Structures are given as C-alpha cells and as structure tokens.
Amino acid sequence: MGILSLGMDLVQVERVEDIARRRGERFLERVFTPGERAYCERRKRPALHFAGRFAVKEAVMKVLGTGWAQGVTWTDIEVRREPAGAPHVVLHGATAELARARGIARIHVTITHDGGLAAAVAVAEG
C-alpha cells in the first residue's frame, strides 16, 4: 500500500465559533455527527475542538478530490478518537463508496491547534 493523496486545511477557531453562534443548531447538525458534538461539547473550549474537526473534514474532502460534490456530505466524514486519544476518520454513505472506488483503504489524520487556529492533515493510503 502507498500514499494516494494528501490534504490539509487551516481554520480560524473564532470563525467556527461565530458561525455556530449565528446559525446555532442548524450549523452543528449539518456539519457534525452526534458523536462529534458530544465530544466537543464536553471540552472546556468546544469551539477549539469543533474547529479541529471542521479542518479534518475539509482536509478529507481534499484527499478525495471532491469538495462537497459527488454526494460527499459533512456528516459522512466522522472524526473519532482511538483509545489512546489519536484522531481517526470513519467514512459513511456515499463518501465511503467514493473512497473505495478511488482505491482508498484508509485515511490517516492529525489535528493541531494554536494561536486561534486549528489545522488538520489527511493522508489517503491505498
């Protein structure tokens, strides 16, 4: 197996916080799975963790080469945590099918935040 593609995204935490404040529940339901929301809302600074997950979703869309096209939806890209705490991605629905069709067996991700920014890198392996 080898690397098929790479994606990266950078998000201002304040921007995600502002969108969540203005659009409220509608934004959160459209972009984040119930599990992601539960995780972020338990944190001391939820916006920081929402921004990190938003960046992962954007980075994964870049790995897939689709953006929001071809049936890819925000909630079809789910960020979970390994028992030791490392993030990983689970794809659902049309997004999972598209990844399989492109020969992607696994997507590795990492998230970081500092100075009001959240960044994520995704690497597709196939």
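Note: the structure precedes this text.
Heads up: these notes are all about the structure in this document. Everything quoted here is computed from the prediction, not taken from an experiment.

## Remarks on a nonpolar patch on the surface
A grouping of M8, L10 and L117 is seen on the molecular surface, where their side chains present a nonpolar patch of about 270 Å² in accessible area. Here L10 shows up in strand β1 (residues 3–12). Residue classification places L10 among the exposed residues on the basis of a relative accessible area of 52%.

## Examining the sheet that holds strand β4 (residues 106–114)
What the 3 strands build is an open sheet, ordered β1-β5-β4; its pairing is antiparallel. Since the sheet does not close on itself, it has two edges, and those belong to β1 and β4, each with one partner. Each adjacent strand pair in this sheet contributes to an overall mean axis angle of 10°, direction not counted. The sheet contact formed by β4 and strand β5 (residues 117–125) spans 9 bridges and is antiparallel. The residue bridging T112 from the neighbouring strand is A119, located in β5. Packing against the sheet, helix α1 (residues 13–31) makes contact with β1 and β5, and its axis sits at approximately 70° to β1.

The rules behind these values
Residues numbered from 1 in each chain as written. Predicted model: local features only at pLDDT ≥ 70, side-chain atom pairs only at ≥ 80, totals over all residues. Heavy atoms only, no water. Patch = residues over 30% accessible without salt bridge, like charges linked within 9 Å, V, L, I, M, F, W, Y side chains within 5 Å. Areas by Shrake-Rupley, 256 points an atom, 1.4 Å probe, with all protein chains shown as cover. Salt bridge = Lys/Arg side-chain N within 4 Å of Asp/Glu carboxyl O. Helix = DSSP H or I, 4+ residues; strand = E, 2+ residues; numbered from the N terminus. Buried < 20%, exposed > 50% of the residue type's maximum accessible area, 1.4 Å probe, protein only. Pairing = 2+ DSSP bridges. Axes fitted to C-alpha atoms, helices over the stretch in contact; angles between N-to-C directions. Contact = heavy atoms within 4.5 Å.

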